[in-house]
Amino acid sequence: MQRVQTYLSNLIFGFAVLALILMLFDKYIQVPAWLISAGRIHPLVLHLPIGMYVLYMVMLPFVRSAKDSVTDGLMDLMLRIACLMSFLSAVTGSMLSHELQAYNSSQLSVHRYAGFAFAFGLYLLCFTDTKRKLLRAFLLCANATLLIITGHKGAEITHGKNFLFPDNKDAINTSSSGQSVYTEWIIPVFKNKCFSCHNPEKKKGGLIMSDTLSLSAGGKSGPLWISGHADSSLIIKNIMLPLSDEAHMPPEGKPQLTALEIDLLKAWINSGVSFNRSADSYQKNDTLRIITDQMSTLKNRTIKSYNFEAADAEELEKINTHFLVVKPVNVGSPALSVSIFLASEYKTDHLKKLLAVKKQIVQLNLIDIPVRDADMQIISEFSALEKLILNGTEITDSGIKKLEELKNLEHLSLSKTKVTNDLENIINKLPRLRNVFVNETAIKKDIIDLWQKKYPQIFFCCASAADEKIKLSPPLLANENTTITSGEDIALKHYIKGVKIKYTTDGSIPDTVNGREYNGPFKISGSADVKAVAVKEGWYASEPITFSLFERGVLPDSTQLLSAPNIQYPGRGHLTFTDGNRGPISNLKDPNWIAFREGPFVAVCRFGGPVSIHKISFCYGLQVQAYVFPPVDIKISGSNDNKNFMLLAANKIPPFLKEDKDQVKPGVVHLQLTGKPFKYYKVEAHNLPVIPKWHPGKGEAGWLFIDEIFFYK
Amino acid sequence: MNHPFFEHRLNINRRHFLGKLSVGLGSMALGSLLIKDLFNNPGQVSEHLMTGLPHFAPKAKRVIYLFQNGAPSQLESFDYKPALSRMFGQDLPESIRNGQRLTGMTANQDKFPMVGSYFPFKQYGQSGTWVSDLFPNMAKIVDDLCIVKSMHTEAINHDPALTFMQTGAQQGNRPSMGAWLSYGLGSENQNLPAFCVLLSKGKGNGQGVYSKLWTNGFLDSKHQGVQFSNSEERVLYLHDQDGLTADDRRKMLDKLNELNNIGFEEVGDPGIRDKIGQFELAYRMQTAVPEITDITRESDSVIRMYGPECLMPGTYASNCLLARKLSEAGVRFVQIYHQGWDQHANLVGEMPMQAMDVDRASAALVTDLKQRGLLEETLVIWGGEFGRTNYCQGPLSADSYGRDHHPRAYTIWMAGGGIKPGIVYGETDEFGYNIIENPVHVNDFHATVLHLLGLDHEKLVYRHLGRRYRLTDVAGKVVDDIIV
């Protein structure tokens, strides 16, 4: 014990001398770089002497009555350690003050000298004879006073002047609703863009921005602002300098201020630099207020807070099924969004299960779910509900009545339900209601217009004018193929209910008067063009549509292609044109098309024996914009030995006219034969060799697309 | 299957193994502890996202993307440039073209004669927005739309541009937008795929669409878009064959799952687990799909709104109506493609037909959603992959011209889902060639869409091939100005 005390005494003495030097020769001292961190332990060690000295004072009355040497020794040790620590604090504090020149204010010097005085006061106390009670009592009191002064001034330096007792004059301006503009908006900007350099540790340019005091003090180049004059303020000037300028802040490569942030700073300086005024205390048309309002809108867009607790995660897990989905609105939000899916799987139990989380549900989506009025009793317990979508449910007015208690409801969708004008009785009981949707209900437009006037805060959406008369689409052929077998039923259809189909098979155009009404499948003899229109009350009749139906006819046993098709459109080779499958005109790449451009189409069809053919129908594609033209001529010749062919028919097709250039349609050439029987029939067709001048492809060869050739007895 | 050893094994692939090994060794090197994030376990990167929840309160819950494949001309739709008509036939000044590359189709042209819209424009709505006569129904709803006239992209040909618009990269190996949303937000309705694709085709010059546009890329295969059929049966082979009852089907699946689980325990391939999941989803879809795709019960007023073809499977109108039904049923992303917008030649002849295909139904979808109170939570997007040139491709005459691809400026519109209604955003110069105000890059568009759905595009990441991937890759800025 004794040795420890001796070492301590020596150590204290050493520190006392050091402290004395530092106190006296402060101006000449330069702290070397490697000692800077020594200064930074000041905030740590300074609390030790305070704690120990206070403890010493508290224990003193009890120890006096004890009067034993061990306790006295411990008390003495405590005092010496406190003394050592106070010197350590003084020395480190002194070094720190050299690092932070910005603190060279009167506050700092009071703190500094009071600190030294306290350390030396303790030193005296340590080495004063225990018998000189009066002197000790005086020293005890004096040290306590010095401790309070040092501590208080130190705290003011670190935490700001108004830390302990906020300035009441400013406090009046602080509205109850929020923080000051400085805390809410300015600090975050500084924090993100400035603090990394201008903090007590780094202190670039002698500027610290992390507390109001040093912020107001400014840096080496002087104060940051001239209150009320943003444009002549240093901080704004530096921010507005070009990025390449040395003095531009924040420096190149660091995150820059956004335009809105700059405007905010300017407005804040122009409005007189207050650290305490809240945004609400400014006029609505004040620039600063406008900017902060804008910033809060941006902020609120992504954050919505609720004042209820989140539901238990395990509970949520239990409720969720494939048909009942309960999820937090976003990560970390206590609010729940609920959807129920699949009408065929719906049970009232789904809703009952939700009662476990009834306080957290803010959105409930029940589209097309057979929810009934009785179920609304359960929904009425979801007190936080903001959005309720009941489109296509079986709800009626009596169910809606139960929503009265949902005072948070903002959005109510009731499209395609049985609600009536009685809805108004609920609307006026829901104070936060903003959107009501009653499309496809019994509520008429004039009533809604009336409500819209009566409750302007609510947006009512109802059907637009749906009575506009529009044209029907043409009927469709229900048969799978336009190539039909002899005697096949022809069926037509239309997807819109209640449409009447009128059709003809004689080539005339059907309309409301002309043509037969379609009542079911019918038959045609041979090949024919079926023309049809769709008509329905309240709609314009459709454009007539033509289905060119071809009977399959006589099938050759085999076919042989004698000329090569274009390499890009080989179709199915020699099988393409007798398989009964037509090519779709919208897709010339379909393998039911075979195309020729470099030379004519030449093919031979072999039948089982000599057959007498009276008619050949040659089907091609027409899409002139894509250079696809009709053939220029078609020749049919017959043979029985596949060597000597006799010309049976030749058909020159008249040149294609410019007026028809936008046509996209299948074409056909019918060739009449005498009926003389042959085993082999050769078909030759030439593509357009030179595209005429009016076409963009003038001078090039046209394409010939063939999908089918029919032979008829 | 449930044995923890197997659970563990299926999550260990070579990359994970090496990643974890590095943690073990790395922690021994004391000095390196000072380096932040150096040894973060790759598996943890996106862990917080796996909850399938938005990062913050979302504006939109679902997206319906009406993709106009082939690139509709902005100059004949929403970007009104009367000056172009005055400068008819004049050569595009080099100072305006400013080195813009050309496609192979116009590279040989020695002149670039400018041509204005053949179709007149009028102003509509409270916003006084200019819309061409080709889109009379869209014109009626301009006050619900946000028309972005300043979109620009990097690609100049269809396939890369389309792929860029859909996946955020021009090469087709990244997940599509819908797959990212499925990954980020999960499926709302477990009985349907989170990402559905509907195709239709106009009569105009067509460009193909390929399944790579709705791919899951490197994400799990469950995020892949499911293409619906254009036949009356919207998902093929979904119904049970004659003589097979639902019970039989269940038994068959149970047995199949048992067998798959044996395979899974033997090789531990996570793909097998996905496959089991897909079988189960398909089983649930047997009930869900017929119920949801049944559009025959729609009221007469709805049918009139979408037009006479809306009940005919495979038409754009029926796809729009089906998109509403799917969206109502919780499908996160419905992607519609309408082909046929590539008017290199004969724009005057083809564009009216294309416009007729989509005008009524697109407008009807927005109106329909609005009337049901669903527009505010459903984001509808209409537009193509790039714009068309202000000069003519091929021979020019007053009533016949064509336009080539133009990546520097094009127009799309968005509605609902937290988008500001009734505004026009961005502006092009009087030539309709360059953007002069508020450009929106494809990455910005993606960032904005993700933002509307409550996702931070910088946090929605997936680690693959040793780096983190995003839909916006390393760029993208949320366009705050068009958000409510």
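What you see is a predicted model; the values in this text were computed from it and never measured.

## Considerations on the overall build of chain A
- Check the secondary structure of chain A and you find 19 helices and 23 strands.
- A buried classification covers 34% of the 713 residues belonging to chain A.
- For chain A, restricting intrachain contacts to residue pairs at least 6 apart in sequence, the fraction spanning at least 24 positions comes to 65%.

## Observations regarding the nonpolar core
- Within the largest apolar cluster, 170 residues are counted, with the highest numbers of intra-cluster contacts made by I361(A), C146(B), V148(B), Y306(B), C320(B), V380(B) and M414(B).
- Per-element accounting of this core gives the leading share, ten residues, to helix α12 (residues 347-371) of chain B.
- Apart from residues no more than four positions distant in its own chain, M414(B) is found in contact with C146(B), V148(B), L379(B), V380(B), I381(B) and I419(B).

## Description of the interface of chain A and chain B
- In this complex, chain A contributes 43 residues to the contact, which on the side of chain B involves 43 residues.
- Put simply, the parts of the chain that give the side of chain A that touches chain B at least two residues each are β1 (324-328), β5 (411-413) and β6 (435-437) of chain A.
- Looking at the side of chain A that touches chain B residue by residue, the class counts come to 21 nonpolar, 16 polar and six charged.

## Some details on the sheet that holds strand β12 (residues 516-517) of chain A
Residues and elements named next belong to chain A.
- Strand order in this open sheet of five strands is β9-β14-β13-β11-β12, and the pairing throughout is mixed. In this open sheet, the two strands that pair with only one neighbour each are β9 (483-484) and β12.
- Sheet topology places strand β11 (residues 500-504) next to β12; two bridges connect them, and they run antiparallel. By the bridge assignment, K502 is partnered in β12 with E517.

## So, the confidence of the model for chain A
All names here are of chain A.
- Averaged over chain A, the pLDDT score is 86; the fraction of residues at 70 or greater is 94%.
- The least confident element of chain A is helix α8 (residues 168-173), whose mean pLDDT is 40; the most confident is strand β4 (residues 387-389), at 95.
- This model gives residues 167-177 a pLDDT under 50, and the stretch forms 16 contacts once residues within four places in sequence are excluded.

## Some thoughts on the packing of helix α6 (residues 106-127) of chain A against helix α7 (residues 133-159) of chain A
Residue and element names in this part refer to chain A.
- The N-to-C vectors of α6 and α7 enclose an angle of 150°; their axes lie 8 Å apart at closest approach. Put simply, α6 runs roughly antiparallel to α7. Handedness of the crossing formed by α6 with α7: left-handed.
- Residue composition of the contact of α6 with α7, by class: 15 nonpolar, seven polar and three charged.

## Considering the sheet that holds strand β19 (residues 633-639) of chain A
Residues and elements named next belong to chain A.
- With respect to topology, five strands assemble into an open sheet ordered β15-β17-β22-β19-β20, the strand pairing being antiparallel. Two strands close off the open sheet at either side, each with one partner strand: β15 (558-561) and β20 (646-652). Taken over all neighbouring pairs, the strand axes of this sheet differ in orientation by 20° on average, direction set aside.
- In terms of strand pairing, β19 meets β20 through six bridges, oriented antiparallel. The residue of β20 that forms the bridge with G638 is M646.

## Side note on helix α9 (residues 181-193) of chain A
Residue and element names in this part refer to chain A.
- With 13 residues, α9 ought to run about 18 Å at 1.5 Å a step, and its terminal C-alpha atoms sit 17 Å apart, in line with that.
- The largest bend in α9 is about 35°, located at I187, with the proline P188 one to four residues further on.
- Within the span of α9, buried status applies to V181, W185 and I186.

## Concerning the packing of helix α1 (residues 2-24) of chain A against α6(A)
Residues and elements named next belong to chain A.
- Here α1 crosses α6 at 150°, and the two axes come no closer than 11 Å. When the axis of α1 is compared with that of α6, the two are roughly antiparallel. The hand of the α1/α6 crossing is left-handed. Contact residues: α1 offers I12, A16, A19 and M23, while α6 offers F116, A119 and Y123.
- Grouping the amino acids of the contact of α1 with α6 by side-chain chemistry returns seven nonpolar, no polar and no charged.

## With respect to the pairing of β11(A)
Residues and elements named next belong to chain A.
- When you tally the buried positions in β11, you get four out of five residues, the bulk of the element.
- Sheet topology places β11 next to strand β13 (residues 528-535); five bridges connect them, and they run antiparallel. From the neighbouring strand, Y503 faces β13, where its bridge partner is A532.

Cut-offs and rules
- Residues numbered from 1 in each chain as written.
- Chains lettered and ligands numbered in written order.
- Predicted model: local features only at pLDDT ≥ 70, side-chain atom pairs only at ≥ 80, totals over all residues.
- Helix = DSSP H or I, 4+ residues; strand = E, 2+ residues; numbered from the N terminus.
- Buried ≥ 20, exposed ≤ 12 C-beta atoms within 10 Å, placed from the backbone.
- Contact = placed C-beta atoms within 7 Å.
- Core = buried A, V, L, I, M, F, W, Y, C linked by C-beta atoms within 7 Å.
- Nonpolar A, V, L, I, M, F, W, Y, C, P; charged D, E, K, R; others polar.
- Pairing = 2+ DSSP bridges.
- pLDDT = per-residue confidence, 0-100.
- Axes fitted to C-alpha atoms, helices over the stretch in contact; angles between N-to-C directions.
- Parallel < 35°, antiparallel > 145°, perpendicular 65-115°, else oblique.
- Left-handed = near helix turned anticlockwise from the far one by under 90°.
- Expected span 1.5 Å × (residues − 1).
- Bend = angle between axes of the 7 residues up to and from the residue.

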